[in-house]
Amino acid sequence: SQGAELDTNVIVDLIVEMAARKDESADALFRKAEKCVRPNLLKLKFAPDWTEACALYEKAALGYRKSNKHEEAKVAYERAALGQERIGSKWHAAKLMESACVEAKKADQTPEDVVACVRSAVTLYREAGREQTSADALVRGAKLVEDLDERKSFEMIQEAIRVYEEEEKYAQVTDLYREGLNLLIRHKRYEDAAVLLMRCGEACDHAEAKHTQNKVYMNAVIMWLYLEDVVQANNTYLECLQVDGFESSDEASAISDLLDAYRMGDPELVKQCIKTNRTFSHTDNCVARLARQLPRGDVSNLATQLESACGLGGPDNSCELDEDDLT
């Protein structure tokens, strides 16, 4: 009989525990949180208790997330963020809004809704005086929305770059440029990639990162060659030669040899130049892959274009000067 009594006690304990768990479901926690922020005339409670509500909203959000109820989790995170904002902790509010962004995407909400969540988090970081953290949030948001809206994603990366440059954090900004470069190449926006690389070169100049600068200038030329715009490639190369230190670099030498191969109009010579010069493989992987696909287009026609452009003269449409020609 004593054993039976023990079994009964165990069962009772289990029932009590299950009841407690049921009462602590995500829905129950959310309802409790809502009660905390609403006036209760019977209890003479007129001011919302956001501190208690925030803890309950966060617990509810975690519960919804574990149950794959992403729509409800997003709302709970948004309410928790509002609460943190009301009690004066905008940094915590921003963190919670970032969690809401993740849930918004998992809930298959529209790209506009996900972007709006990211923007809310960024604004809160800025209001909290965390400019660089806001830039990092933009990068995280860019990765989150890339497969939904790649243009919005790139805009976020550009904005993050501006924040770092305004803060004069040039040493760190090159990583953001690399994020942007990878994104643009993934979506075959090679012309935009070439423009971004030239901007990155300027940032490298501020950071005195000469080695990285030489690589990005070489990469910009490769972008134009991949687009079969050999004239713009040559013009970019000549522009980069005006930057101190580039002319004597391995990258400048590699590009000079490559353009000479194009001038010969021989596709096999171009391939051999890429294959035998290790400089082309010692760069960002996404660019190295494009370099290995050169040449593209009719190389003999490209050689003619380059020759015609050189014949035009002028600072923007000239070929390399012959050092032996002193006339």
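Because the structure is a prediction, the values reported are computed rather than measured. (Residues numbered from 1 in each chain as written. Predicted model: local features only at pLDDT ≥ 70, side-chain atom pairs only at ≥ 80, totals over all residues. Heavy atoms only, no water.)

J.: Provide a residue-level description of the overall build of the protein chain, including the pertinent values.
T.: Within the protein chain, the regular secondary structure consists of 16 helices and zero strands. When the 327 residues of the protein chain are sorted by exposure, 43% land in the buried category. Contacts in the protein chain between residues at least 24 apart in sequence constitute 58% of all its contacts with a sequence separation of at least 6. Of the roughly 18,100 Å² of accessible surface on the protein chain, a fraction of 48% belongs to carbon and sulfur atoms. (Helix = DSSP H or I, 4+ residues; strand = E, 2+ residues; numbered from the N terminus. Buried < 20%, exposed > 50% of the residue type's maximum accessible area, 1.4 Å probe, protein only. Contact = heavy atoms within 4.5 Å. Areas by Shrake-Rupley, 256 points an atom, 1.4 Å probe, with all protein chains shown as cover.)

J.: Can you break down helix H7 (residues 131-145) residue by residue, with the values?
T.: In this model H7 runs 21 Å from its N-terminal to its C-terminal C-alpha over 15 residues, within 8% of the 21 Å that 1.5 Å per residue would give. For H7, the set of buried residues is Ser 134, Ala 135, Ala 137, Leu 138, Val 139, Gly 141, Ala 142, Leu 144 and Val 145. Packed against the buried residues of H7 are helix H5 (90-106), helix H6 (111-127), helix H8 (150-166) and helix H9 (170-186). (Expected span 1.5 Å × (residues − 1).)

J.: Can you explain the side chain of Thr 279? Please cite residues and give values.
T.: Here Thr 279 shows up in the loop between helix H14 (267-276) and helix H15 (285-291). Contact partners of Thr 279, with chain neighbours within four places excluded, come to Met 218, Asp 250, Glu 251 and Ala 254.

J.: With reference to specific residues and values, describe empty space enclosed by the protein.
T.: Counting across every chain of the model gives two cavities of 30 Å³ or more. Quantified by volume, the largest cavity comes out at close to 80 Å³. Those elements that provide at least two residues to the lining of the largest cavity are H9, helix H10 (190-207) and helix H11 (210-226). Each residue belonging to the lining of the largest cavity can be placed in one class, and the counts come to six nonpolar, two polar and two charged. (1 Å grid on protein atoms, 1.4 Å probe; cavity = no way out; pocket = protein on both sides within 12 Å on 5 of 7 lines; lining within 4 Å. Points joined across faces, edges and corners; volume = space filled by probe spheres on them. Nonpolar A, V, L, I, M, F, W, Y, C, P; charged D, E, K, R; others polar.)

J.: Report on a negative patch on the surface, specifying residues and quantitative values.
T.: A contiguous patch of negative charge, built from Asp 27, Glu 71, Glu 72, Glu 112 and Asp 113, is present on the exposed surface. At the level of elements, helix H4 (70-86) and H6 are the ones that each hand at least two residues to the negative patch. Counting through the fold element by element, Asp 27 comes out in helix H2 (residues 26-36). What makes Asp 27 partly exposed here is its relative accessible area of 34%. (Patch = residues over 30% accessible without salt bridge, like charges linked within 9 Å, V, L, I, M, F, W, Y side chains within 5 Å. Salt bridge = Lys/Arg side-chain N within 4 Å of Asp/Glu carboxyl O. Lys, Arg positive; Asp, Glu negative; His and termini not counted. Charge placed at Lys NZ, Arg CZ, Asp CG, Glu CD.)

J.: So, unusual backbone geometry: which residues are in play, and what are the values?
T.: Peptide bonds are trans in most cases, and residues, glycine excluded, mostly fall at negative phi. Cis geometry is adopted by the peptide bond preceding Pro 295, which originates at Leu 294 and carries an omega value of 5 degrees. Among the structural elements, Pro 295 can be located in the loop between H15 and helix H16 (299-311). One non-glycine residue, Lys 188, lies in the positive phi region at around 60 degrees. By secondary structure assignment, the location of Lys 188 is in the loop between H9 and H10.

J.: Explain the packing of H11 against helix H13 (residues 250-263) residue by residue, including any values.
T.: The N-to-C vectors of H11 and H13 enclose an angle of 15 degrees; their axes lie 9 Å apart at closest approach. One finds that H11 runs roughly parallel with respect to H13. The handedness of the crossing between H11 and H13 comes out as left-handed. Side by side, H11 and H13 meet where His 211, Asn 214, Lys 215, Met 218, Val 221, Ile 222 and Leu 225 of the first sit next to Glu 251, Ile 255, Leu 258, Leu 259 and Tyr 262 of the second. (Axes fitted to C-alpha atoms, helices over the stretch in contact; angles between N-to-C directions. Parallel < 35°, antiparallel > 145°, perpendicular 65-115°, else oblique. Left-handed = near helix turned anticlockwise from the far one by under 90°.)

J.: Before we move on, could you go through H13 and cite the residues and values that matter?
T.: Spanning 14 residues, H13 covers 20 Å between terminal C-alpha atoms, matching the ideal 20 Å at 1.5 Å per step. Buried residues of H13: Glu 251, Ala 252, Ala 254, Ile 255, Ser 256, Leu 258, Leu 259, Ala 261 and Tyr 262, and no others. Backbone geometry just downstream of H13 places Gly 265 in the positive-phi region, at approximately 70 degrees.

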